[in-house]
Amino acid sequence: MALAGPSTSACLRRLNPLLFSARRRPAWTPRRAARRFCAAVVASERDVFTSPEVAKSFDFTNEERIYKWWESQGFFKPNFDRGGDPFVIPMPPPNVTGSLHMGHAMFVTLEDIMIRYFRMKGRPTLWLPGTDHAGIATQLVVEKMLAAEGIKRTELTREEFTKRVWEWKEKYGGTIINQIKRLGASCDWSRECFTLDEQLSRAVIEAFIRLHEKGLIYQGSYLVNWSPNLQTAVSDLEVEYSEEPGNLYFIKYRVAGGSRDDFLTIATTRPETLFGDVAIAVNPEDARYAKHVGKLAIVPLTFGRHVPIIADRYVDPEFGTGVLKISPGHDHNDYHIARKLGLPILNVMNKDGTLNDVAGLYSGMDRFEAREKMWSDLVETNLGVKKEPYTLRVPRSQRGGEIIEPLISKQWFVTMEPLAEKALHAVEKGELTILPERFEKIYNHWLTNIKDWCISRQLWWGHRIPVWYIVGKKCEEDYIVARSEEEALAKAQKKYGKFVEIYQDPDVLDTWFSSSLWPFSTLGWPDLSKEDFKHFYPATVLETGHDILFFWVARMVMMGIEFTGTVPFSYVYLHGLIRDSEGRKMSKTLGNVIDPVDTIKEYGTDALRFTLSMGTAGQDLNLSTERLTSNKAFTNKLWNAGRFLLQNLPGRSDVTAWDALLANKFDTEASLQKLPLPECWVVTGLHELIDKVSTSYDKFFFGDAAREIYDFFWGDFADWYIEASKTRLYHSGDDSASSMAQSVLLYVFENILKLLHPFMPFVTEELWQALPYRKQAIIVTPWPATDLPKNFLSIKRFQNLQSLTRGIRNVRAEYSVEPAKRISASVVASTDVLEYISKEKQVLALLSKLDVQSVHFTESPPGDANQSVHIVADEGLEAYLPLADMVDVSEEVQRLSKRLSKMQSEYDSLLARLNSPSFVEKAPEEIVRGVREKASEAEERISLTKNRLDFLQSTVST
């Protein structure tokens, strides 16, 4: 197809807002249609878009072509042409090892909704994407890959191993990004970041050094979550607790200096840790053990090691025997008690999960093997009282699945209290808003009770801790913090001479440490002169799941304030978890995992996004195939509406008709008052919708916005106005009425597409491009104006018309009138109501399937009122439908009489059962209740049928 006018490149320049500023755009009129529509035509010529005119339904396979076209046009990059403050979202970086799951689909959907809305509002938008290096997860994946090749990590040097990890990352690391794109994420991919990029790594080192210089980073031996298989400390977030069957072991601890029968019985789930016991504790108010407090107990199997018997309110008298063994080296609660009371700390375990020399004869045994052996020995020596089944709360590694061991280990920590204090004040002073508001309490509670953060990990993949030690010196006493090895060596030589030798700490930093810098490290920090940092920091919104409010969000707030002096974002929006249709957490074990990629193939991206957006902020969402099917049907309904419009709008080449159509405006009171009732009603409804939806978007009430659009499109526009418009398009014989209906159809539909675009970007862009004379792609078209005129009287009047129509439809259904049969009606109302209702005689006849020639309007009931079905649609608006038009009265009387007889027999049978004492007393309660409900329903049906039969018989006698 040849296109007269400017060249393709010129068209694309006009379409691309990054290449053509708003100030230089020429004014446009309908007569310059070819110029305005050229971008869409060019896109169509390149096989990007498909019109409803040629496709019966929206083809999901077009989504990838549309996405690539958006990206090629530069629409995802921030555009400053229209001014305004930037709207910025830093994407929560998914693990580079990840594959798309519904949690990803949720955050992508919600963040893309925000970005697309504010982009259309004219603000420069930046959604900054990236991935996390995921230290533990990635190292595990590569170790498994090496194991398949018969290679152990320890057989490689650190450099060789990290080289293999980078190779894996380059080959497979883009999977999650491509899947996120499939969801329609309009991120600026030219700014994509990776937490191990050079710039971000520089920021991590700088952050460590600055915190250390302020005395906020220190090294020490403390209790941490230890993964024996991975040989590293892990964060609380990487520990998942599961309820599993186990045992409660009851063990005798003899009281030193007492008789053979003088002992305390302790209940424990982990007897192998008794070698680490440093005290025995009872509740000070427990009278059973008061006489023993202050004495010493003998730890079993230790050849007589004594520990004090102490009193502490932490002990629960109801658990086990009410006596607690204190093993601070292997239990977090015991550790805090020991620190509080100044008790010593004993570690009985090696880092591989075997017992160490403190365990004596059990040294070298695996922790679980030792448990069984020790219990056998305790029983043999009469110190093992009994073993009972007990449900354990077992801490397991989120990555490897192994049981985590609380273990004393030398690690690097960040002192958190001074950082937390500033983060608390940010919320108190309103500098940071957390949505939903109820999560503020959780945020405040965690920061108020914060513990120091263990930031070191015993891995090879990650940011190496920028600390160097001096060969021949103790690590605790002599170490150097530097930005590079060269700088560290220079510092060491200055202090110890030019022949000094140094070596770097082998540990890496916790992945969450680098993630905590994400909002500003991705924009160039610590170089504050970077344009991106100046333009886009602080961000506007941080959107993520509520489950990482503590582990990520709060840490970003603390680090942002510490390093930039500013809260890193103004709003935190928290979404809930995705659950199955029964409210269960999705898991492979339950077999209820719904794969987003498979879902997209079956239902389309738009249906998935719309379904996910219907939830409430912070609340878990139950996802079902029924919801997806319903929203797929919504996509098809949109498509069919688009096809109806295109079939009933002027042809693209009819410039005169399009001039007239586009000349109709509805942005003034006068233009609205001139419209006929259905048109005035639907335009008013649209203007109300724009205001409501815009407010919902601004408040982040996305579920409300989605429902409002859905209800208006389906309930008002598709079900009522499109049907009403057919009287103008097909039956009016009035070109001006037809043209007005076309204008209203186009105006309402194109604005619905705009409102819906952030939720359903693909089908709305496809439909938008199919409409003639589009100035630009919908992704960058301006958002509809708010506060447009409304005629609320038209809403009340059209509601009366709707009530009348529904009443007539209900009667037709009750009397089983054939769908194609047209019936007569007399509409009775006051003069003022008749004035507007009678003008819409064609609409009423079409929607109610009336014979338009037999529809009468009068102020008093017709002469055959007693032989008609009477409908009260509203106060002052009634209708009479002659029975003879709808049914053969004699046949209907016979049919209902037979039906009534059958219903009465069924009812009598139910009553007989209920009157039988043997049934009521012996049958299960739910069965009896079910029979009572059936009897009640049958009684109601009999009453209704009798009333209808009486009415029919009265008309026959008349």
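The written sequence of each chain sets the order in which its residues are numbered from 1. In keeping with the predicted nature of the model, local features appear solely for residues at pLDDT of at least 70, side-chain atom pairs appear and are counted solely at 80 or more, and the whole-chain, interface and lining totals rest on all residues. Values shown for side chains rest on all heavy atoms present in the structure; no hydrogens or waters enter the calculation.

**Quick look at the overall build of the protein chain**
Link 1 in the chain: Helix and strand counts for the protein chain come out as 33 helices and 29 strands.
Link 2 in the chain: On C-alpha atoms alone, the protein chain measures out to a radius of gyration of 37 Å, which is more than a quarter above the 30 Å that the 2.2 N^0.38 rule sets for 958 residues.
Link 3 in the chain: With the C-alpha coordinates of the protein chain rotated into their principal frame, the extents come out at 115 × 90 × 55 Å.
Link 4 in the chain: Burial status across the protein chain gives 54% buried among its 958 residues. For the purposes of this entry, the term helix denotes a DSSP run of H or I that reaches at least four residues, the term strand denotes a run of E that reaches at least two, and both are numbered from the N terminus. Radius of gyration here uses only the C-alpha atoms, and the compact-globule reference equals 2.2 Å multiplied by the residue count raised to the power 0.38. The rule is simple: take the accessible area with a 1.4 Å probe, protein chains only, and divide by the maximum for that residue type; under 20% is buried, over 50% is exposed, in between is partly exposed.

**Quick notes on the packing of aromatic side chains**
Link 1 in the chain: Working definition: a ring pair exists when centres of Phe, Tyr or Trp rings (six-membered ring for Trp) sit within 6.5 Å. Plane angles under 30 degrees give stacked, over 60 give edge-to-face, the rest tilted. Evaluated as defined, the whole model comprises 56 aromatic pairs.
Link 2 in the chain: Taken together, a centroid distance of 5.2 Å and an interplanar angle of 75° make the contact between Trp 166 and Trp 461 edge-to-face. Of this pair, Trp 166 sits in helix H6 (residues 158-172) while Trp 461 sits in the loop between strand E17 (456-457) and strand E18 (467-470), placing them 295 residues apart in sequence.
Link 3 in the chain: On the basis of relative accessible area, Trp 166 is assigned to the partly exposed category, the value being 32%.

**Looking at the pattern of salt bridges**
Link 1 in the chain: Salt bridges are identified by distance alone: a Lys or Arg side-chain nitrogen within 4 Å of an Asp or Glu carboxyl oxygen. Considering all chains together, one arrives at 44 salt bridges under this definition.
Link 2 in the chain: Its salt-bridge partner being Glu 244, residue Arg 396 comes within 2.6 Å of it at the nearest N-O pair. Separated by 152 residues along the polypeptide, Arg 396 in strand E13 (residues 384-397) and Glu 244 in strand E7 (residues 239-255) bring together distant segments of the chain.
Link 3 in the chain: Arg 396 sits in the partly exposed class, given a relative accessible area of 26%.
Link 4 in the chain: Shared partners join several salt bridges into a network, and the residues in it are Glu 206, Arg 210, Arg 483, Glu 487 and Lys 491.

**A look at the side chain of His 292**
Link 1 in the chain: Position of His 292 among the secondary structure elements: in the loop between strand E9 (279-282) and strand E10 (296-298).
Link 2 in the chain: Among the residues examined, His 292 registers a relative accessible area of 4% and is labelled buried.
Link 3 in the chain: Residue contacts are defined here by distance: any two heavy atoms, one from each residue, within 4.5 Å place the two residues in contact. The residues contacting His 292, other than those within four sequence positions of it, are Val 255, Asp 262, Leu 264 and Ile 309.

**Regarding helix H31 (residues 889-914)**
Link 1 in the chain: Taking 1.5 Å per residue, 26 residues should reach 38 Å; H31 reaches 37 Å between its end C-alpha atoms and fits that length.
Link 2 in the chain: Looking only at H31, the buried set comprises Val 889, Glu 892, Val 893, Leu 896, Leu 900, Met 903, Tyr 907, Leu 910 and Leu 914. Given a helix with a known number of residues, its expected span is that number minus one, times 1.5 Å.

**Observations regarding the sheet that holds strand E6 (residues 232-234)**
Link 1 in the chain: Here a strand pair is declared whenever DSSP counts at least two bridges between the two strands. Within the open sheet, the four strands sit side by side as E6-E5-E14-E16. Their pairing is antiparallel. Since the sheet does not close on itself, it has two edges, and those belong to E6 and strand E16 (453-454), each with one partner.
Link 2 in the chain: Both strand E14 (residues 405-414) and E16 contribute to a ladder of two bridges, which runs antiparallel. Bridging from a neighbouring strand, Val 414 pairs with Trp 453 of E16.

**Brief notes about the sheet that holds E18**
The strands that make up a sheet pair up through hydrogen bonds in the backbone, lying either parallel or antiparallel.
Link 1 in the chain: Pairing in this open sheet of three strands is antiparallel, and the strands run E19-E18-E20 from one edge to the other. Bordering the open sheet on either side are strand E19 (479-481) and strand E20 (502-504), each of which pairs with just one other strand. Ignoring strand direction, the axes of neighbouring strands in this sheet form an average angle of 30°.
Link 2 in the chain: The pairing of E18 with E19 spans three bridges and is antiparallel. Bridged to Tyr 469 within E19 is Tyr 479. To obtain each axis, a line is fitted to C-alpha atoms, and for helices this fit is confined to the stretch in contact; angles are then taken between N-to-C directions over 0 to 180 degrees.

**Describing the environment of Val 682**
Link 1 in the chain: The residue Val 682 is located in helix H23 (residues 677-698) in this model.
Link 2 in the chain: Take Val 682: its relative accessible area is 0%, and that puts it in the buried class.
Link 3 in the chain: Expressed as a C-alpha distance, the spacing of Val 682 and Phe 798, which sit 116 residues apart in the sequence, is 9.2 Å.
Link 4 in the chain: If we ignore the near neighbours within four places in the chain, the residues touching Val 682 are Phe 712, Phe 717, Tyr 721, Val 744 and Val 748.

**Looking at unusual backbone geometry**
Link 1 in the chain: Omega for the bond connecting Leu 435 with Pro 436 falls within 30 degrees of zero, at -5°, which places this linkage in the cis form.
Link 2 in the chain: If you trace the backbone, Pro 436 turns up in the loop between strand E15 (433-435) and helix H12 (439-448).
Link 3 in the chain: The omega torsion across Tyr 537 and Pro 538 is 0°, close enough to zero to call that bond cis.
Link 4 in the chain: By secondary structure assignment, the location of Pro 538 is in the loop between helix H16 (531-536) and strand E22 (539-545).
Link 5 in the chain: Non-glycine residue Phe 303 carries a positive phi angle of around 60°.
Link 6 in the chain: Note on placement: Phe 303 falls in the loop between E10 and strand E11 (306-311).
Link 7 in the chain: Overall, Phe 303 belongs to the exposed group, its relative accessible area being 75%.

**What about helix H29 (residues 841-848)?**
Link 1 in the chain: Within H29, the full set of buried residues consists of Val 843, Leu 844, Ala 845, Leu 847 and Ser 848.
Link 2 in the chain: Its buried side turned inward, H29 meets H23, helix H24 (702-731), helix H27 (792-814), strand E26 (823-829) and strand E27 (850-858).
Link 3 in the chain: In the stretch just after H29, Lys 849 is the one whose phi turns positive, near 60°.

**A word on the pairing of strand E29 (residues 877-882)**
Link 1 in the chain: Burial of E29 is extensive: five of the six residues sit out of reach of the surface.
Link 2 in the chain: Pairing geometry for E26 and E29, over four bridges, is antiparallel. Of the residues in E29, the one forming a bridge with Val 827 is Ala 879.
Link 3 in the chain: Where strand E28 (residues 868-874) lies against E29, six bridges are found, and the strand directions are antiparallel. Along E29, the bridge assignment pairs His 870 with Tyr 880.
Link 4 in the chain: What sits between the antiparallel neighbours E28 and E29 is a turn of two residues, in which Gly 876 has the positive phi angle 85°.

**Details of empty space enclosed by the protein**
Link 1 in the chain: A 1.4 Å probe that fits into a set of points on a 1 Å grid over the protein atoms alone but cannot get out defines a cavity; an open set with protein on both sides within 12 Å along at least five of seven lines defines a pocket, and lining residues are those with an atom within 4 Å of a point. Grid points are joined across faces, edges and corners, and a volume is the space filled by probe spheres set on the points. Going through the model one piece at a time under the given rule, you end up with three cavities of 30 Å³ or more.
Link 2 in the chain: By volume, the second largest cavity amounts to about 80 Å³.
Link 3 in the chain: The wall of the second largest cavity is formed by 14 residues, among which Met 106, Leu 110, Leu 612, Gly 615 and Thr 616 lie closest to the centre.
Link 4 in the chain: At the level of secondary structure, the elements contributing two or more residues to the lining of the second largest cavity comprise helix H4 (102-120), strand E23 (569-575), helix H19 (605-613) and H24.

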